[in-house]
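A structural walkthrough
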Amino acid sequence: MENILTQANILFLLKGAGISLALAIGALLIGMVIGILMAAGCLSKTKILNWLCKGYVELFRGTPMLLQIMFFYLGVPVLIRLITGTRVRMDVYMVALTALSLNSGAYQCELFRAGIQGVEKGQWEACETLGIGYWPMMFKIILPQAFKRIIPPLVSEFITLIKDSSLASCIGAGELMYNVQVLGVEYYDYLAPLIAAGVLYLTMTLVISWLSRILERRLSISD
């Protein structure tokens, strides 16, 4: 273990952990935008919009993350070639971020929808009485209240994204698990890199959980 976990190799694993964290943060933020829009669409009275949003949610929640990553990496270039006749090579990091974001957006849609539906009916009725439109009401009044209710599940989604980013190793993205495989192949020993990766994943998730508890306390005080 001492021969493998040199300073250079530890930095190599830390770099992978940084990429994993960056992918998770990017996917959480993009997924949040997607989730809010999809939740508003699912609650809309416009049937076509409602069906489209619900179909998106069912598609990405009902298929494995690994399948989605492989589809964007291997399937999308084939579709582009069939349509345009042009061969394209997908960037592994953009593919990973896209798949993680779309998948997270589907799950966050359900979180925001539950939070929105948890807002008191009186708030909705007051907005309707004042003649406030659906979308201004949603983004200026309802969503700020709903957001406070879903912080714990959002944190869980963030932690899930950090762990799911390891699936990007299958397409060669240099995140933590991919770097573990690189060291394992080079030194013919996977034990030490795997243990180190476990420590790094656990550290990231524990820190995020601790920060979320602080945020929850501050928001509860502000109420």
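Everything here concerns the structure above.
Calculation criteria
Residues numbered from 1 in each chain as written. Predicted model: local features only at pLDDT ≥ 70, side-chain atom pairs only at ≥ 80, totals over all residues. Heavy atoms only, no water. Buried < 20%, exposed > 50% of the residue type's maximum accessible area, 1.4 Å probe, protein only. Helix = DSSP H or I, 4+ residues; strand = E, 2+ residues; numbered from the N terminus. Expected span 1.5 Å × (residues − 1). Axes fitted to C-alpha atoms, helices over the stretch in contact; angles between N-to-C directions. Parallel < 35°, antiparallel > 145°, perpendicular 65-115°, else oblique. Contact = heavy atoms within 4.5 Å. Nonpolar A, V, L, I, M, F, W, Y, C, P; charged D, E, K, R; others polar. Core = buried A, V, L, I, M, F, W, Y, C linked by side-chain atoms within 4.5 Å.

We note that Tyr188 has phi near 55°; this positive angle belongs to a residue other than glycine. Overall, Tyr188 belongs to the exposed group, its relative accessible area being 76%.

Look at helix 7 (residues 151-164): 20 Å from first C-alpha to last across 14 residues, which is about the 20 Å you get at 1.5 Å a residue. Here helix 7 has its buried residues at Ile151, Leu154, Val155, Glu157, Phe158, Ile159, Leu161 and Ile162.

A word on the packing of helix 1 (residues 7-42) against helix 8 (residues 176-187). Packing of helix 1 against helix 8 leaves a shortest axis separation of 7 Å and a crossing angle of 155°. Of the possible angle classes, the one that applies to helix 1 and helix 8 is roughly antiparallel. Listed contacts from helix 8 to Asn9, Phe12, Leu13, Lys15, Gly16, Ala17 and Ser20 of helix 1 are Leu176, Asn179, Val180, Val182, Leu183 and Tyr187. Here the residues of the contact of helix 1 with helix 8 are counted per class, giving eight nonpolar, four polar and one charged.

We now examine the nonpolar core. Ranked by internal contacts, the top residues of the largest apolar core, which has 59 residues, are Leu13, Tyr56, Phe112, Ile116, Ile162 and Leu176. Where this core is concerned, the elements lending two or more residues are helix 1, helix 2 (47-61), helix 3 (65-84), helix 4 (92-117), helix 6 (134-149), helix 7, helix 8 and helix 9 (191-222). Sort the elements by how many residues they give to this core and helix 1 lands first, with 14 residues. Ignoring any residue separated from it by four or fewer positions in sequence, one finds Tyr56 in contact with Ile34, Met38, Ser101, Leu102, Gly105 and Ala106.

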